[in-house]
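Listed here are the chains, written in short residue letters.
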Amino acid sequence: MSVSIVLAGGGCRTAWSVGVLEELRSDLPEPREWAGVSAGACMAVALAARATEPMMARFLALAAANRRNMYPERIGRGGVFPHEPIYRATVACGLDDDGMARLRDAGPVRILLAATIPGARLMPSLWGALRDYQARKRAGVLHGPDDPPPGFTLEVATAQELATREAIVDAVLASSATPLVTRLPRLGGRTYVDGGFIENVPVRALSEDARRGRALVLLTRPAREEALPASRTRLYLAPETDVPVAKWDYTSPDKIEATFDAGRAVGRLVRDRVRRWLDASRERSASDA
């Protein structure tokens, strides 16, 4: 039996998802594939490379040394927002030689990216995508539209197919690119923005075969169990209340640790539920054989 893992975006809130998965890891088969968008892509890489501990330690140290999330006195000189260098250093920390070797041995890590179509005007396209994103949030819609909004296309990069650790870091940062807070990368006439603006729960980033199979989907926005989709092949897990840390809070290592611990606590609570789901999947696979 195989299971894929899908990690929604959510900035620092994705520490909750990591806590859940670290608690459940011994109960899960080795993932067939991973999929992530925005900070969920960072966490997918970290988990696949089994590098969450050094990456978490690096982030906590950098956050402890960072006094504010915005430095307006730096306007005109650069560095108003400290997030990009902290984020980049955190991802790179987990991809030393050992981390890269473990990543190569793991299931494919699919990173969802959103890019403008060549010739599209960035700001009108981005404004339309953000308007639709906010409407989906208000309506409690989990997945993005079947077709990207005007001016955008979706791409999937597979971490193991990228040539270097720097290319993997660049892909994660491109998947997370948020106007003002980070730079918006440009490549081949396209500008990349946070893929979560279009699809924040990136099941579609999985391969076609993996999408037809079983997937454990980790969300970061609060949702009660009864409000989540019910499916024979997908199990959705979400925090029931807001987690302690805000999405772009790079100043609060204590809140990051509290969010991770909250995820571990939920992992313990849902362990039996996850085991039942896995057992039911095994029984269906056996009956289909």
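The structure contained in this document is the topic of the report that follows. Residue numbers restart at each chain and count upward from 1, following the sequence in its written direction. Only residues with pLDDT of at least 70 are given local features in this predicted model, and only at 80 or more are side-chain atom pairs given and counted; all residues enter the totals for whole chains, interfaces and linings. Neither water nor hydrogens contribute to the side-chain values; these are computed over all heavy atoms in the structure.

As a further point, take the overall build of the protein. From N to C terminus, the protein includes nine helices and eight strands. If one aligns the C-alpha atoms of the protein with their principal axes, the spans along those axes are about 65 × 40 × 40 Å. Of all 289 residues assigned to the protein, the portion counted as buried reaches 51%. The contact criterion used throughout is that any non-hydrogen atoms of two residues lie within 4.5 Å. In the protein, the share of contacts with a sequence separation of at least 24, taken over all contacts with a separation of at least 6, comes to 77%. Only the protein chains shown count as cover for residues, and the accessible areas themselves come from Shrake-Rupley with a 1.4 Å probe. Only carbon and sulfur atoms are counted for the fraction: they give 52% of the accessible area of the protein, which is about 13,300 Å². His is not counted, nor are the chain ends; Lys and Arg add positive charge and Asp and Glu add negative charge. A charge is said to be at NZ when it belongs to Lys, at CZ for Arg, at CG for Asp and at CD for Glu. For the protein, the distance from the average position of its 40 positive side-chain charges to the average position of its 35 negative side-chain charges is 4 Å. The way it works is that DSSP assigns letters per residue, a run of H or I at least four long becomes a helix, a run of E at least two long becomes a strand, and they are numbered from the N terminus. The buried label goes to any residue with under 20% of its type's maximum accessible area, the exposed label to any with over 50%, and the partly exposed label to all in between, with areas taken from a 1.4 Å probe on protein chains only.

The next thing to look at is the packing of aromatic side chains. A pair of Phe, Tyr and Trp rings is counted when the ring centres sit within 6.5 Å of each other, with Trp represented by its six-membered ring. The angle between the planes then sorts it: under 30 degrees is stacked, over 60 is edge-to-face, the rest tilted. Applying the stated criterion to the full structure yields three aromatic pairs. Plain terms: the ring middles of Phe59 and Tyr250 are 4.9 Å apart, the flat faces sit at 85° to each other, and that makes the pair edge-to-face. Separated by 191 residues along the polypeptide, Phe59 in helix H3 (residues 52-65) and Tyr250 in the loop between strand E8 (234-237) and helix H9 (253-288) bring together distant segments of the chain. Residue Phe59 shares its accessibility class with Tyr250, and that shared class is buried. Seen in terms of ring centroids, Tyr133 and Phe197 are 5.6 Å apart; in terms of plane orientation they differ by 65°. Their pairing is edge-to-face. Here Tyr133, found in helix H6 (residues 122-139), pairs with Phe197, found in the loop between strand E6 (190-193) and helix H8 (208-212); they are 64 residues apart in sequence, far enough to count as distant. Judged by its relative accessible area of 8%, Phe197 falls in the buried class. These aromatic residues form a ring-pair network of at least three members: Phe59, Trp248 and Tyr250. A ring has a charge above it when a Lys NZ or an Arg CZ is no more than 6 Å from the ring centre and no more than 35 degrees off the ring normal. Cation over ring: Arg74 sits above Tyr71, and NZ or CZ is 3.9 Å from the ring centre.

The buried count for helix H2 (residues 39-48) comes to ten of ten residues, which makes it a mostly enclosed element. Looking at H2, one finds that the buried residues are Ala39, Gly40, Ala41, Cys42, Met43, Ala44, Val45, Ala46, Leu47 and Ala48. Two residues or fewer after H2 comes Arg50, characterised by a positive phi angle close to 50°.

This part takes up the environment of Ala262. With respect to the helices and strands, the residue Ala262 is situated in helix H9. Taking the C-alpha atoms as reference, Ala262 lies 8.5 Å from Pro244; in sequence the two are 18 residues apart.

What follows concerns the nonpolar core. Take the buried Ala, Val, Leu, Ile, Met, Phe, Trp, Tyr and Cys residues and link them wherever side-chain atoms come within 4.5 Å; each set so joined is a nonpolar core. One finds Leu7, Val109, Ile111, Leu216 and Leu237 to be the most contacted residues of the largest nonpolar core, which totals 62 residues. Counting residues per element, this core draws most heavily on H2, at nine residues. In terms of nonpolar packing, the next biggest core, distinct from the first, is built from 17 residues, Val203, Ala205, Ala210 and Tyr236 among them.

Where helix H4 (residues 83-93) contacts helix H7 (residues 165-175), the axes come no closer than 10 Å and their chain directions differ by 135°. Here H4 is positioned oblique relative to H7, judged by the angle of their axes. Judged by the twist between their axes, the crossing of H4 over H7 is right-handed. Here H4 contributes Glu84, Tyr87, Arg88, Val91 and Ala92 to the contact with H7, which in turn contributes Val169, Asp170, Val172 and Leu173. Tallied by class, residues from the contact of H4 with H7 come to six nonpolar, no polar and three charged. Angles shown run from 0 to 180 degrees and are taken between the N-to-C directions of axes, each axis being a line fitted to C-alpha atoms and, for helices, limited to the stretch in contact. If an angle is under 35 degrees, it is roughly parallel; if it is over 145, roughly antiparallel; if it lies from 65 to 115, roughly perpendicular; otherwise it is oblique. Should the near helix be turned anticlockwise from the far one by less than a right angle, the crossing is termed left-handed; should it be turned clockwise, right-handed. Residues are grouped as follows: Ala, Val, Leu, Ile, Met, Phe, Trp, Tyr, Cys and Pro are nonpolar; Asp, Glu, Lys and Arg are charged; every other residue, Gly included, is polar.

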